[in-house]
Amino acid sequence: MSGEMVHVGFGNVLAMNRVIAIASPNSAPTKRTIQEVRNKGMLVDMTNGRRTKAVIFIDSGHIVLAALAPETITGRLQISRGNAVLRPELDDDVIKF
């Protein structure tokens, strides 16, 4: 099982082939889910004491907290794959992806 390893800050790396979703930590349901996973002992905190900006859901049921924004992590994955970063661009009132 080979997987792409992406730097998620402070010398921590994550196997992106195990990631299900990357979310913002601001919603109440996400905060509840983090607390439930913390109580089960399945929370991995990679923030080094910084503010959590991304909540990463792993296929094993673990949740990883990262101090980088979801857009930054996604951008690093795209760069490691050699693809352009997926960002919409405005041109003549038409959004292009």
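1. Quick notes on the sheet that holds strand E6 (residues 63-66)
Phase 1 of the analysis: Ordered in space as E3-E5-E6-E4, the four strands form an open sheet in which the pairing is mixed. Both edges of this open sheet fall to strand E3 (19-23) and strand E4 (43-46), since each of them pairs with a single strand only. Taken over all neighbouring pairs, the strand axes of this sheet differ in orientation by 20 degrees on average, direction set aside.
Phase 2 of the analysis: Bridging between E3 and strand E5 (residues 54-58) involves four bridges; their strand directions are antiparallel. Within E5, the position partnered with Val 19 by the bridge is Ile 58.
Phase 3 of the analysis: Against the sheet, helix H1 (residues 28-40) touches E4, E5 and E6, its axis set at about 115 degrees to E6.
Phase 4 of the analysis: Against the sheet, helix H2 (residues 70-81) touches E3, E5 and E6, its axis set at about 140 degrees to E3.

2. Notes on the nonpolar core
Within soluble globular proteins, side chains that are nonpolar tend to cluster in buried spots.
Phase 1 of the analysis: Within the largest apolar cluster, 14 residues are counted, with the highest numbers of intra-cluster contacts made by Leu 14, Met 16, Ile 56 and Ile 73.
Phase 2 of the analysis: Elements with a minimum of two residues in this core: strand E1 (5-9), E5, E6 and H2.
Phase 3 of the analysis: A per-element tally of this core places E5 first, with three residues.
Phase 4 of the analysis: Look past the residues within four positions of Ile 56 in its chain and what remains in contact with it is Leu 14, Val 19, Ala 21, Ile 22, His 62, Ile 63, Val 64, Ala 66 and Ile 73.
Phase 5 of the analysis: Ranked by size, the runner-up nonpolar core spans six residues in total, among them Val 37, Leu 43, Val 55 and Ile 63.

3. A look at the environment of Arg 38
Phase 1 of the analysis: With respect to the secondary-structure elements, Arg 38 resides in helix H1.
Phase 2 of the analysis: As for Arg 38 and Ile 63, which are separated by 25 residues in sequence, their C-alpha atoms are 8.6 Å apart.
Phase 3 of the analysis: When near neighbours in sequence (up to four residues on either side) are disregarded, Arg 38 contacts Leu 43 and Leu 65.

Quick notes on the rules
- Along each chain, residues carry numbers from 1 onward, in the same order as the chain's sequence is written.
- The predicted nature of this model means local features are confined to residues of pLDDT at least 70 and side-chain atom pairs, given and counted, to a pLDDT of 80 or more, with totals for whole chains, interfaces and linings taken over all residues.
- Working from all heavy atoms in the structure, the side-chain values ignore hydrogens and water.
- Here, strands pair whenever DSSP counts at least two bridges between them.
- Helix numbers and strand numbers start at the N terminus; a helix is a DSSP run of H or I with at least 4 residues, a strand a run of E with at least 2.
- Angular values range over 0 to 180 degrees, each being the angle between N-to-C directions of two axes fitted as lines to C-alpha atoms, with helices fitted over their stretch in contact.
- Contacts between residues were defined by any pair of non-hydrogen atoms, one from each residue, lying within 4.5 Å.
- Side-chain atoms within 4.5 Å are what join buried Ala, Val, Leu, Ile, Met, Phe, Trp, Tyr and Cys residues into a set we call a nonpolar core.
- Any residue under 20% of the maximum accessible area for its type is buried, any over 50% is exposed, and the rest in between are partly exposed; the area is computed with a 1.4 Å probe on protein chains only.

Read these as geometric descriptors, not functional statements.
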